[in-house]
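# Summary of the model geometry
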Amino acid sequence: MASAASGAFEPVLTRNVGNPAALTLDGYRKGGGYEGLAKALKMQPDAVIDEVKRSGLRGRGGAGFSAGVKWSFIPKGKGKPKYLVCNADESEPGTFKDRLLMEKDPHQLIEGCAICCWAVQASTTYIYIRGEYSFANAVMEQAIKEAYQAGILGDSVLGSGFKLDVYMHQGAGAYICGEETGMIESLEGKRGQPRVKPPFPAVVGAFGAPTVINNVETLANVPHIVVRGADWFKSIGTDERNTGPKLYAISGHVERPGTYETAIGIPFSELLDLAGGMYRGGKLKAYIPGGASAAILTADQAHLKLDFDTMTKAGSMLGSAAVMVMDDSTCMVRSVARLAKFFNHESCGQCTPCREGTNWLELLLTRIEHGEGRPGDPQLLRSVCKNMNGTALCALAEAAVGPVDSLIKRFPDEVDQHIRDRACPFPHRRYFSNGAS
Amino acid sequence: MPKVTIDARTVEVEAGTNLIDAAFKAGVHIPHYCYHPRLSVVGQCRMCLVKIDGMPKLQAGCATQVMKDGMVVHTELPEVKEAQQGMMEFLLINHPLDCPICDQAGECGLQDYAFKHGVAYSRFQFEDKRTYPGRERIPLGANVLLNMNRCIQCTRCIRFTQEIAGTGDLGFFHRGARTEIGTFPGKHLDNQLATCVVDICPVGALTSTRFRFAERVFYLDKKPSLCTGCEVGCNITIEHRRGVIKRYKPRFNPDVNDYWMCDYGRATFERYSGAPKVPGAPGTPEVRGVPGTPEVPGVPGTPEVIIARLTAPRLWRDAGSLGVATEPMRPRPNLGPEAPSKAGRQAQSPAAAAATPGGAASRQAAAPAPAPVSWKEALDAVARHLRSRSAEGAIALLGSGFLTTEEAYLFAQLAEVAGTPHRSVAVDLGPERHIPNLQGGVTGREAAPNRRGAELAGLVPQAIQAATAATAATAGSTTPPMGTPVSTAGGAGGAGTAASGAAASGGAAAEGGGNGRGRAARAAHAAVGTAAVVAAVDAFDADGLLHGDAAARCAVLVVCDSDFGDGAYDPVIVERLRRAQVLIVFGWADSPLAQAADVALPVATHAEKDGTFVNIEWRVQRFERAFPPPGQARPTVEALSELLARYDARWANLAAPAVFDRLAAELPAFAGLAWHQIPATGAPLDLPAARAVPASHVQAPEDTAVGI
């Protein structure tokens, strides 16, 4: 869990990493903590939303939807209670940035939540944290307790009369509970499976009430926007549509895997240099820019900027910015088969294309990797992907399709070689014969 | 209302209508599995994907609502067809393709859509399909079995138990491709409506223990009808093969039972199914003619008695010939001038027979076997008794809540021509059954479908009618028309007619049991000072006959039909009724009462005749025969018509439609109705009592919606 910043970039979100004092309320306040909240409480809620909108902050969880616009969907006025649900499920394979933020700087997240709640006039925040993050959960619980004692949370936030409660809610380890409606169902105590949309959570969310759902990193950005202003935020990044600091969780065949904060839109090759280059000087073969559900990019595309729009244009996505690097010793079929196994395991099972399609993809890819593939299998894989794409209830089916589709498109020779040679050309153990890999 | 264009057909629908319903209105069928009009929309099966102009992706029709004008939907585009084909492939890759041995074959949604939207070959070439070993026949409850291998995870059954039954018995377990349906540990699918999950299951995963593998569905003849299980009047489809009913299925009627019916009602077809299951096979001498036998286990009202009744055999079908027992073939000592004293007859009661060993046997030996006679001879005997015996005692007519309105009307006419005021309806109370619908639901208590219709048609003693009229007059309301019910079971009805002061006592008395209603009526009249009249006349009503000693004072007692309730199977009641000097029974079952009759007339079941029932909400519903009656059994209307024709030729050759039109012309309650104009969903009667009903009988279901 190393953290480093490029020489030119002054860390924003990770500024307290390496400063254990910031774990306590006093330590956090010394570094200017909760000034953003105090400032926001003096502003009109709509003004806060406008500021965030103007900053161009886009959701850091994967979809990249404008946070300010999302907040503005929440109906105004009294009526039903409103909720903020902070998505700390972080279950996308390869992603470990939110964990860092919660473990090293819990008050930053609490402050972000509080500002968001003020902006949309929500009185309750649920932080839905991944069940495996027990340490992060303990840190957060401690910080919340401190915040209550200091009057930052509770009946009157910083003496403003605004009431706010924050609860931690531990998930039970399901990928699908990172999907926002699946998360709401789980939060309500039901089986975690996505709801049919519309209605969207902004209208009917948790407990039937309007609900904002934001990623940890998104909310962590909010205090800085309020304190330093939208113009400062916009000055960071590639262009108008890709602004602000960004955490990249890089893993795989690199010398120093970890979370790195830079301005959004750093080219992949520069990020790779930050992480110390390829592992033992290996040759880059491919990388996944945004977690397991993003399409695989090849070494030819290493110059691309890691921002939302560039990645979309390249046929992949920034997603959660979990960059997985693979050198030329990697069997792409095996890697993708492993990802397909993950998605099959994590499909909730309610909708047909995902339930049956993820299963079928895994069976086919495993067969190919085992050297039992048949000549028509690449076409069949493509066809199954096509039937899954855009037909399912939530985005999981499309996530499962992403890597498989790019495998067929970008590494057709490798797939063909598996089928032609009736074996995997890479030297390694037979692939997960008993379910382990 | 917004307009929507579906495949170039434009329809106007209410805002908020989903595309499946809108397309249905436009005459376009959008395939679907998980969507059901009464269940929440989950968009899981993805079969209903359609292309909507202006939307980049295909949209689920069930989850898309028409909100404003101008939506253009396509269901025939290649991309839609491709998606449907893709979904069918996904559903079929792990589904067993063993339709020939699957009970659902012939009414299977998967089969139907596979023909229409599927492909004929499989691209899923692996050794094994996904199976659930050991989960091929899991009893979810008493009435439903689950075969997990056939399930397509549409969750209709889960949502049904959550949203309609309100019990939440079923749930999803595991996830992804291993997702299973099941009950929670230690729980069962145990509610009144449980078997509805079998109806809404689009595939063969859920089967009814009562029907599974009883018949291939494509051999069944299906006819719309009504359930006779209780007074709710659920619309059903009778599914039979060559006159043997195999099952009932609910038939959609939004005003009564919506899409549902209860498990009890479904089981009632076994009454009519014909297999002799009780000890004492029909026609055997130890059964016929000896009161107290056959040995119906238990006491009235217990489950044993109800089961015995449900499984009682058809007498005449099994006898093979017209086994009409008439006076000559079973000379009972009390019929002639040499009749023994009442004490002598009472000595033959079961208790007495038991006390004197061999008593029953010796009497049996003396009784000759019943001889078959023709319908004409049997009806002649009935007419002769009715004409000649009035001097020997009262003539009483005991109707049943199973009579159609037309039969009850003719039966009341029989009382008129026989010159007797003693006519009433016997009805049992059963367990309370609630059938949900959009208006909240209908709750039934009486275990017969048409007590209201029978009373409206005139099966109410005239003295009570007169007394009721007087009551109403003193209370200042308008005089109720003839045929207005005097009281209703459960203390709920009668609000429009019975004196309000008597309602409380009536309600209390009605709790007593089946014919507490008679007691309630008496209490009502006692309250307005007509006690003397009532006591003199009313003793021959259902209450007096079944629970008092009125039958012993009857010269002629006509019971129509014999299956009026558990009483026909209760040795004590049978013994009471057979003390009448002449007992005439119209019946379709070989009940002990029919066996005890002096004249037994085989008539049709509701599946074998036409008629109308008036349900608890005073809704007239019409049904027509599904198949002809067996042997020489005939519809009661026909038999009564022939009998009445002996008095007055204008009653000759009447069938149910003609009788209904005649009674509609005569009885104000049915004014303006005609047989052929009764709508498919029934016609509500405009009665004071009908207006009073909803408040007490319509209950709002609990709010069990998920996702709120």
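The notes below deal with the structure included here. Residue indices follow the written sequence of each chain, beginning from 1 at its first position. Naming scheme: in the order in which they are written, chains are lettered from A and ligands are numbered from 1. Residues qualify for local features only when their pLDDT is at least 70, as the model is predicted, and side-chain atom pairs are given and counted only at 80 or more; totals for whole chains, interfaces and linings, by contrast, use all residues.

A few words now on the overall build of chain B. Numbering of helices and strands runs from the N terminus; a helix is a DSSP stretch of H or I covering at least four residues, while a strand is a stretch of E covering at least two. Along chain B, the regular secondary structure elements total 25 helices and 25 strands. Within chain B, buried positions represent 54% of all 708 residues. Note that contacts rest on C-beta atoms placed from the backbone: two residues are in contact if these are within 7 Å. In chain B, of all internal contacts separated by at least 6 residues, the share reaching a separation of at least 24 is 68%. Residue burial here comes from a neighbour count, namely the number of other C-beta atoms, placed from the backbone, that lie within 10 Å of the residue's own C-beta, with 20 or more meaning buried, 12 or fewer meaning exposed, and in between meaning partly exposed.

Listed as interface residues are 26 residues of chain A and, on the opposing side, 28 residues of chain B. Where the side of chain A that touches chain B is concerned, the elements lending two or more residues are α13 (332–346), α14 (352–369) and α15 (377–388) of chain A. Counting residues per element, the side of chain A that touches chain B draws most heavily on α14 of chain A, at nine residues. Residues were grouped as follows: Ala, Val, Leu, Ile, Met, Phe, Trp, Tyr, Cys and Pro as nonpolar; Asp, Glu, Lys and Arg as charged; and all remaining residues, including Gly, as polar. When the residues that make up the side of chain A that touches chain B are grouped by side-chain class, the tally is nine nonpolar, 13 polar and four charged.

Moving on to the packing of helix α2 (residues 78–93) of chain B against helix α3 (residues 109–117) of chain B. Residue and element names in this part refer to chain B. As a packed pair, α2 and α3 sit with axes 10 Å apart at the nearest point and diverge in direction by 135 degrees. By the angle class used here, α2 and α3 are oblique. Between α2 and α3 the crossing geometry is left-handed. Residue-level inspection shows Q84, Q85, M88, L91 and L92 of α2 in contact with α3, the latter providing L110, Y113, A114 and H117. Angular values range over 0 to 180 degrees, each being the angle between N-to-C directions of two axes fitted as lines to C-alpha atoms, with helices fitted over their stretch in contact. The cut-offs work like this: below 35 degrees is roughly parallel, past 145 is roughly antiparallel, 65 to 115 is roughly perpendicular, and the gaps in between are oblique. By definition, any crossing whose near helix is turned counterclockwise from its far helix by less than a right angle is left-handed, and any crossing with a clockwise turn is right-handed.

Residue and element names in this part refer to chain A. Direction vectors running N to C along α15 and helix α16 (residues 396–410) enclose 150 degrees, while the axes themselves pass 9 Å from each other. As judged from the angle between their axes, α15 and α16 are roughly antiparallel. When you trace α15 past α16, the crossing you get is left-handed. Of the residues in α16, those in contact with P378, L381, R382, C385 and M388 of α15 are A397, A400, V401, V404, D405 and I408. The residue inventory of the contact of α15 with α16, partitioned by class, reads nine nonpolar, no polar and two charged.

Time to look at the sheet that holds strand β16 (residues 394–400) of chain B. Residue and element names in this part refer to chain B. In spatial order, the strands read β17-β16-β20-β21-β22; together these five strands make up an open sheet with parallel pairing. Each edge of the open sheet is held by one strand with a lone partner, namely β17 (422–426) and β22 (599–602). Averaged over neighbouring strand pairs, the angle between their axes works out to 15 degrees when direction is ignored. Strands qualify as paired when DSSP identifies two bridges or more between them. Two elements, β16 and strand β20 (residues 554–560), share six bridges in a ladder whose sense is parallel. Residue pairing for β20: A396 is matched across the bridge by L557. Where helix α14 (residues 405–418) meets the sheet, it contacts β16, β17 and β20, and its direction lies at approximately 175 degrees from that of β16.

All names here are of chain B. What the three strands build is an open sheet, ordered β13-β14-β15; its pairing is antiparallel. For this open sheet the edge positions go to β13 (221–226) and β15 (244–250), each flanked by a neighbour on one side alone. Here the average twist between neighbouring strands, direction ignored, is 30 degrees. As paired strands, strand β14 (residues 235–241) and β15 are joined by six bridges and run antiparallel to one another. Across the sheet, the residue bridging to I236 is P250, located in β15.

With that settled, the discussion passes to unusual backbone geometry. Trans is the common state for peptide bonds, and a negative phi is the common state for residues other than glycine. All names here are of chain A. For the peptide bond that leads from K197 to P198, omega is -5 degrees, which places it in the cis range. By secondary structure assignment, the location of P198 is in the loop between α8 (180–187) and β5 (211–215). Of note in this structure, L158 is not a glycine but carries a positive phi near 50 degrees. Structurally, L158 is set in the loop between α7 (134–149) and β4 (165–170). Although it is not a glycine, R280 sits at a positive phi angle of roughly 50 degrees. For R280, the location among the structural elements is in the loop between α11 (268–274) and β10 (284–288). On the basis of neighbour count, R280 is assigned to the exposed category, with 8 C-beta atoms found within 10 Å.

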